[in-house]
Amino acid sequence: MRYPLLDGFRGYFLVMMTVHHLSFELFFPLQLLDYTRFSTFGAAQGFVFLSGVVVAMVYGRKLIKGSEAGMRAALWQRIRLIYRYHAGLIAVILLFSLGVVHFGGQSQLALSNSQALLLNAVLSLTLLSGPTFIDILPMYLVFMAFTPAILVALHRGDGLLVAMISVALWLFAQTGLYGLFLDWLNAAIGLTQTGSFRIGMYFDRFAWQLVYVCGLIAGMIWAEGRLDLSRLHDPRMAKVVPVLLVLFVLFLLAKLGTEIPALPEAFRAALETNLSHSHIALLRFANFAMMVLLAVWLIEVGPSHPNRLIRAAARGLRGLMTWRPFVLLGQHSLLVYSFHVVMVYAVTCLLPVRSWSILSQQMMSLTCAAALLLPVYATGLWQRRKA
């Protein structure tokens, strides 16, 4: 069973990831679609959270209506498919980078990938490292490996235990000890002297698992039929929403504070630490939770709210996230994510986009976003011909 709204959100996050990875500066009116200008809630966070929700809904139902063995078998089949995509992406990226360097390309990205090629491939295929722009897939594979045990625990009623372990791992990530260990390990085995690849990736998996597990918990509650959104219609929630809006403004000010040179350096450093993307630091996670709650409230309560502006915002959000192109992208998220990585490498390594005019960069952003639909339609065409 598909949920167009969830697919639409995932498709939207894929588009935002593509635009951000291209590193173009968006200008009006395109910047209105980029909510990350007003929040620290990143597209990757939303994508990982919703992936957890969808995984729990799909495979949680197999556990509820079928058996644990059937759920585990289906999940491991999915993991094998994702790993094949991951291995294919690694091969394409490394060979492409090698080709760019061989034919005289001046891309620093390609140059770094082509150094110590065999070592880079081994670290990437063992999920210990990976090229730029590919962090989500190896992290997702690790999370998926633990998903069967988590789903069984949630279905057994041990949700509190699962949440406590997840929070404990997240707190461990905030200490920075894992990063220090990786620095020591890379130095001890000589990886600091070998190309740009090291054990460890930009996204700290001990931190990011909290986002995924939150999605699993929400998805499992939904799969078990225990999700009760009627509480959001409680008049007392009307007092909570203004608080969320105030928090939204405060998080926006914190984000802007990291970009104001006039502020004391120590203050800006403290903000940056608490807004860390790689470690999902406290303020970033709080912003994530606030945005999720606000979006769910707007979708559930907004259409019938007495305030005309809130009704309009709810219609706009639902209309945007159920827009057919976004839904299609979300329904084919694995294929589209893989295609976006290849496309970003091609554009970044082969085109001198940094020297282009603002208008040209905007047109390239739109072109690349629209191009995400190519593998979707190509797959549909191939399947129809095969049938």
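Above this note sits the structure.
None of the values given here were measured: they were computed from a predicted structure.

1. Things to note about the overall build of the protein chain
So, point 1. For the protein chain, the helix and strand inventory stands at 17 helices and 0 strands.
So, point 2. Structurally, the protein chain occupies a C-alpha span of about 65 × 55 × 50 Å along its principal axes.
So, point 3. A burial count over the protein chain gives 46% of its 387 residues as buried.
So, point 4. Sequence separation of at least 24 residues holds for 76% of the intrachain contacts in the protein chain that already meet a minimum separation of 6.
So, point 5. In the form shown here, the protein chain has an accessible surface area of approximately 19,500 Å², with 69% of it arising from carbon and sulfur atoms.
So, point 6. Averaging the positions of the 29 positive and the 15 negative side-chain charges in the protein chain gives two centres separated by 11 Å.

2. Quick look at the packing of aromatic side chains
So, point 1. Enumeration according to the criterion identifies 17 aromatic pairs in this entry.
So, point 2. Ring centres 5.8 Å apart and planes at 55° place the aromatic pair Y12 and F13 in the tilted group. The residues Y12 and F13 share a single accessibility class, namely buried.
So, point 3. Judged by centre distance (4.8 Å) and plane angle (70°), the rings of Y178 and F206 are edge-to-face. Of this pair, Y178 sits in helix 8 (residues 177–188) while F206 sits in helix 9 (residues 205–223); the two residues are 28 residues apart in sequence, bridging distant segments of the chain.
So, point 4. Put simply, the rings of F9, Y12, F13, W323 and F326 touch in pairs and so form one group of aromatic residues.

3. A look at unusual backbone geometry
So, point 1. Of note in this structure, L127 is not a glycine but carries a positive phi near 65°.
So, point 2. Locating L127 in the fold gives a position in the loop between helix 5 (117–125) and helix 6 (136–155).
So, point 3. In the Ramachandran plot, F133 falls in the positive-phi region, its phi being about 80° despite a non-glycine side chain.
So, point 4. F133 gets classed as buried once you look at its relative accessible area, which sits at 16%.

4. Some points on the pattern of salt bridges
So, point 1. On inspection of all chains with the given rule, the structure shows 4 salt bridges.
So, point 2. A salt bridge links E224 to R226; its shortest N-O distance comes to 2.7 Å.
So, point 3. R231 is the partner of D228 in a salt bridge, and the nearest nitrogen-oxygen pair spans 3.9 Å.

5. Some remarks on helix 9
So, point 1. Here helix 9 contains 19 residues, and its C-alpha end-to-end distance of 26 Å stays within 8% of the 27 Å for a straight helix at 1.5 Å per residue.
So, point 2. Structurally, the start of helix 9 carries an N-cap: the backbone nitrogen of F206 is 2.9 Å from a side-chain oxygen of D204.
So, point 3. Phi turns positive, to about 75°, at G225, one or two residues after helix 9.

Basis of the calculations
- Residues numbered from 1 in each chain as written.
- Predicted model: local features only at pLDDT ≥ 70, side-chain atom pairs only at ≥ 80, totals over all residues.
- Heavy atoms only, no water.
- Helix = DSSP H or I, 4+ residues; strand = E, 2+ residues; numbered from the N terminus.
- Buried < 20%, exposed > 50% of the residue type's maximum accessible area, 1.4 Å probe, protein only.
- Contact = heavy atoms within 4.5 Å.
- Areas by Shrake-Rupley, 256 points an atom, 1.4 Å probe, with all protein chains shown as cover.
- Lys, Arg positive; Asp, Glu negative; His and termini not counted.
- Charge placed at Lys NZ, Arg CZ, Asp CG, Glu CD.
- Phe/Tyr/Trp six-rings, centres within 6.5 Å; stacked < 30°, edge-to-face > 60°.
- Salt bridge = Lys/Arg side-chain N within 4 Å of Asp/Glu carboxyl O.
- Expected span 1.5 Å × (residues − 1).
- Polar contact = N/O pair within 3.5 Å; in protein donor to acceptor, adjacent residues only side chain to side chain.

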